[in-house]
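Close look at the chain arrangement
What follows is each chain in one-letter form.
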Amino acid sequence: MGMGKTDLAAVRFLLQARQDGHDLSPKELAAKLSISSASTTILIDRLVKSGHARREPHPTDRRALLIQPTENADSEVRSTLNGMHSRMMEAAQSLTEAESDAVITFLQRMQGAVAEP
């Protein structure tokens, strides 16, 4: 999508909030991203300029704003993820049975290593 890590994370949070029926304020977005309010303003400016987000007035607090993802952001994320998921499936399906067994064994061992105290 041609975005930095923080911008992409912000779009993900905005899309998830919309799916959950919740609107995010700049302050909530800053908290989710663990960035300052100044950085959040710059981030939102970038997302608005790139067409991935828009500022909307808060319905009950005329001093506040809500940040909404655009339809363009939604379709761009879906397009990017669909392509990535297809490539991931192709990679998994290209493994031989022996390679699949090796991957499964490795992941089970890693799971066990992480689970140990």
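A quick note: this is a predicted structure, and the numbers were derived from the prediction, not measured.

So, how was this worked out
- Residues numbered from 1 in each chain as written.
- Predicted model: local features only at pLDDT ≥ 70, side-chain atom pairs only at ≥ 80, totals over all residues.
- Heavy atoms only, no water.
- Buried < 20%, exposed > 50% of the residue type's maximum accessible area, 1.4 Å probe, protein only.
- Helix = DSSP H or I, 4+ residues; strand = E, 2+ residues; numbered from the N terminus.
- Pairing = 2+ DSSP bridges.
- Arc of directions from axis to C-beta.
- Contact = heavy atoms within 4.5 Å.
- Core = buried A, V, L, I, M, F, W, Y, C linked by side-chain atoms within 4.5 Å.
- Phe/Tyr/Trp six-rings, centres within 6.5 Å; stacked < 30°, edge-to-face > 60°.
- Lys NZ or Arg CZ within 6 Å of the ring centre and 35° of its normal.

Turning our eyes to something else, we now look at the pairing of strand 2 (residues 65–69). Of all the 5 residues making up strand 2, 4 are buried; the element is thus mostly covered by neighbouring parts of the structure. By the bridge criterion, 5 bridges tie strand 1 (residues 53–57) to strand 2 in an arrangement that is antiparallel. Paired with Arg-55 across the bridge in strand 2 is Ile-67.

A few words now on helix 2 (residues 26–33). Listed in full, the buried residues belonging to helix 2 are Leu-29, Ala-30 and Leu-33. Within helix 2, the buried residues cover an arc of 100° as seen down the axis, which keeps them to one side. Of the exposed residues in helix 2, those oriented more than 90 degrees away from the buried face are Lys-27 and Ala-31. Its buried side turned inward, helix 2 meets helix 1 (5–19) and helix 3 (37–49). Within two residues after helix 2, Ser-34 carries a phi angle of roughly 55°, on the positive side.

The subject of this paragraph is the nonpolar core. Generally speaking, a soluble globular protein has its nonpolar side chains buried in company with each other. If you look at the biggest cluster of nonpolar residues, it comprises 16 residues, and the most contacted ones within it are Ala-10, Val-11, Leu-14, Leu-29, Leu-33, Leu-43 and Leu-47. Among the secondary structure elements, those contributing two or more residues to this core are helix 1, helix 2, helix 3 and helix 4 (71–93). Sort the elements by how many residues they give to this core and helix 1 lands first, with 6 residues. Those residues in contact with Leu-14 that sit more than four places away from it in its chain are Leu-24, Leu-47, Ala-53, Ile-67 and Pro-69.

On to the packing of aromatic side chains. With the rule as written, the count across this model stands at 0 aromatic pairs. When the ring centre of Phe-13 is taken as reference, the NZ or CZ atom of Arg-12 above it lies at 5.8 Å.

To continue, consider the side chain of Ser-25. By the element assignment, Ser-25 lies in the loop between helix 1 and helix 2. Owing to a relative accessible area of 17%, Ser-25 belongs among the buried residues under this scheme. Residue contacts for Ser-25: discarding those within four places in its chain leaves Leu-65 and Leu-66.

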